[in-house]
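Tertiary structure, described
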Amino acid sequence: MNAEADTMQPKISFQDVTRIFGEGEKTFLALDRLSLDIADGEFVTVVGPSGCGKSTAMNIAAGLTEVSQGRVLVDGEAVHGPGPERGVIFQQYALFPWLTVRQNVEFGLRIKGMTAGERSRISDHFINLVGLRDFADALPKTLSGGMKQRCAIARAYAVNPTMLLMDEPFGALDALTRVHMQDQLLDTWSRERRTVIFITHDVDEAVYLANRVIVMAARPGRLHEIIPVELPYPRTEEMRLSREFAEIRNRVWHAVYHQKPQIDARQ
Ligand SMILES: Nc1ncnc2c1ncn2[C@@H]1O[C@H](COP(=O)(O)OP(=O)(O)OP(=O)(O)O)[C@@H](O)[C@H]1O
Ligand SMILES: [Mg+2]
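In this report, the structure presented in the accompanying data block is examined. Please read all numbers here as calculations on a predicted model, not as lab measurements.

Rules used in this analysis
Residues numbered from 1 in each chain as written. Chains lettered and ligands numbered in written order. Predicted model: local features only at pLDDT ≥ 70, side-chain atom pairs only at ≥ 80, totals over all residues. Heavy atoms only, no water. Core = buried A, V, L, I, M, F, W, Y, C linked by side-chain atoms within 4.5 Å. Buried < 20%, exposed > 50% of the residue type's maximum accessible area, 1.4 Å probe, protein only. Domains from an automatic or database assignment. Contact = heavy atoms within 4.5 Å. Near = heavy atom within 4 Å. Polar contact = N/O pair within 3.5 Å; in protein donor to acceptor, adjacent residues only side chain to side chain. Areas by Shrake-Rupley, 256 points an atom, 1.4 Å probe, with all protein chains shown as cover. Helix = DSSP H or I, 4+ residues; strand = E, 2+ residues; numbered from the N terminus. Nonpolar A, V, L, I, M, F, W, Y, C, P; charged D, E, K, R; others polar. Pairing = 2+ DSSP bridges. Right-handed = clockwise from strand over helix to strand, strands pointing away.

Let's talk about the nonpolar core
Formed by 53 residues in total, the largest nonpolar core has its most connected members in Phe43, Ile153, Met166, Phe198, Val213, Val215 and Val252. Here this core spans two domains, since at least three of its residues come from each of domain 1 (1-79 + 163-170 + 194-267) and domain 2 (86-160). Excluding residues within four positions of it along the chain, Ile153 makes contact with Ile89, Val130, Met166, Phe170 and Met181. Residues Leu31, Leu34, Ile38 and Val79 belong to the second largest nonpolar core, which totals 24 residues.

Here it is as structure tokens:
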């Protein structure tokens, strides 16, 4: 492959990804031929009605769910299971309750066989990055929802993934914490430039964070529309109030909530 072609290679490529659940008479087409390329360092958000296959697509990308047809390529290689280059963050924080913040963040590093010195250097960096320095020795049960989620983000970052797969990570947070977490995530992303795929039900959040908003449709779950967000980074509070932002948000809103049902012979 020549250098030019190499730089064009998407970070992740969904190619005709189809997922059918169930067997016999009771099959359900959860994802219908999803094709989508995401560039290295891109931040895409995914929105769409409940049940449109967002989590299914992400779980396939994470290697936690198999495809029925099609394939997902990461850096040109087909996904056949989870891998350390893909960090996954779910809505429920999934921290180990018996481990402290630092131990949670170091968990993946321990598995990698790193020395205690290397582990603490890396965990210090990411614990500071998410603003949990004063809570490094705290147990998850003593943290607020936002702090737990920041710990989960630090843990995902620590293993040095080149991609973050985030499934409604801020869904359980109050509005104020959520806005703060969005800014913190963008701040981290602008410094580290990992590829991010971020599922949300919040149209404002989808627009505020993304280079592109991927809108999906339900029954069957499929790609509906891709809406570019041509606002510069860093994104600011003023931008949220701008006319440009409102126009994009309205476009996304319309794409999500005014979808025409598709009649599909296979349903
Ligand atoms: N393991 C499973 N077995 C059977 N059906 C499933 C399974 N997982 C998902 N589905 C079905 O596939 C469809 C897509 O589910 P998915 O969780 O991907 O939707 P979603 O877009 O993430 O929805 P939400 O916004 O509510 O999280 C749903 O109709 C769901 O019932
Ligand atoms: Mg979901």
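Some words on the site of ligand 1
For ligand 1, the full set of nearby residues is Phe21, Phe28, Ala30, Ser50, Gly51, Cys52, Gly53, Lys54, Ser55, Thr56, Glu168 and His201. A distance of 3.2 Å separates an oxygen atom of ligand 1 from a polar atom in the backbone of Cys52. In the complex, 59% of the free accessible area of ligand 1, which totals 630 Å², lies under the protein chains. Counting only elements with at least two residues in the shell around ligand 1, the list comes to β2 (28-38) and α2 (54-62). In terms of residues, the shell around ligand 1 owes the most to one element, α2, which gives three residues. Within the shell around ligand 1, the residues separate by chemical class into four nonpolar, six polar and two charged.

Some details on the pairing of strand β8 (residues 195-199)
In terms of residue burial, β8 counts as a mostly covered element, since five of its five residues are buried. A two-sided burial pattern is seen for β8, the buried positions comprising Thr195, Ile197 and Ile199 on one face and Val196 and Phe198 on the other. Of the strand pairs in this sheet, strand β3 (residues 43-47) and β8 are connected by four bridges, and their pairing is parallel. Bridging across to β8, Val44 finds its partner in Ile197. Looking at chain direction, strand β7 (residues 163-167) and β8 are connected through five bridges and run parallel. For Leu165, the partnering residue across the bridge sits in β8 and is Ile197. Chirality of the crossover, the property in question, places the unit of β7, helix α6 (residues 175-192) and β8 among those that are right-handed.

Points about the environment of Arg235
With respect to the helices, strands and loops of the structure, Arg235 is situated in the loop between β10 (222-228) and α8 (237-240). Along the backbone, Arg235 and Val105 are 130 residues apart, and their C-alpha atoms lie at a distance of 28 Å. Not counting chain neighbours up to four residues away, the residues in contact with Arg235 comprise Leu186, Val207, Tyr208, Leu209, Ala210 and Val229. Within polar-contact distance, the side chain of Arg235 engages the backbone oxygen of Ala210 at 3.0 Å. Separated by 3.3 Å, the side chain of Arg235 and the backbone oxygen of Pro232 make a polar contact.

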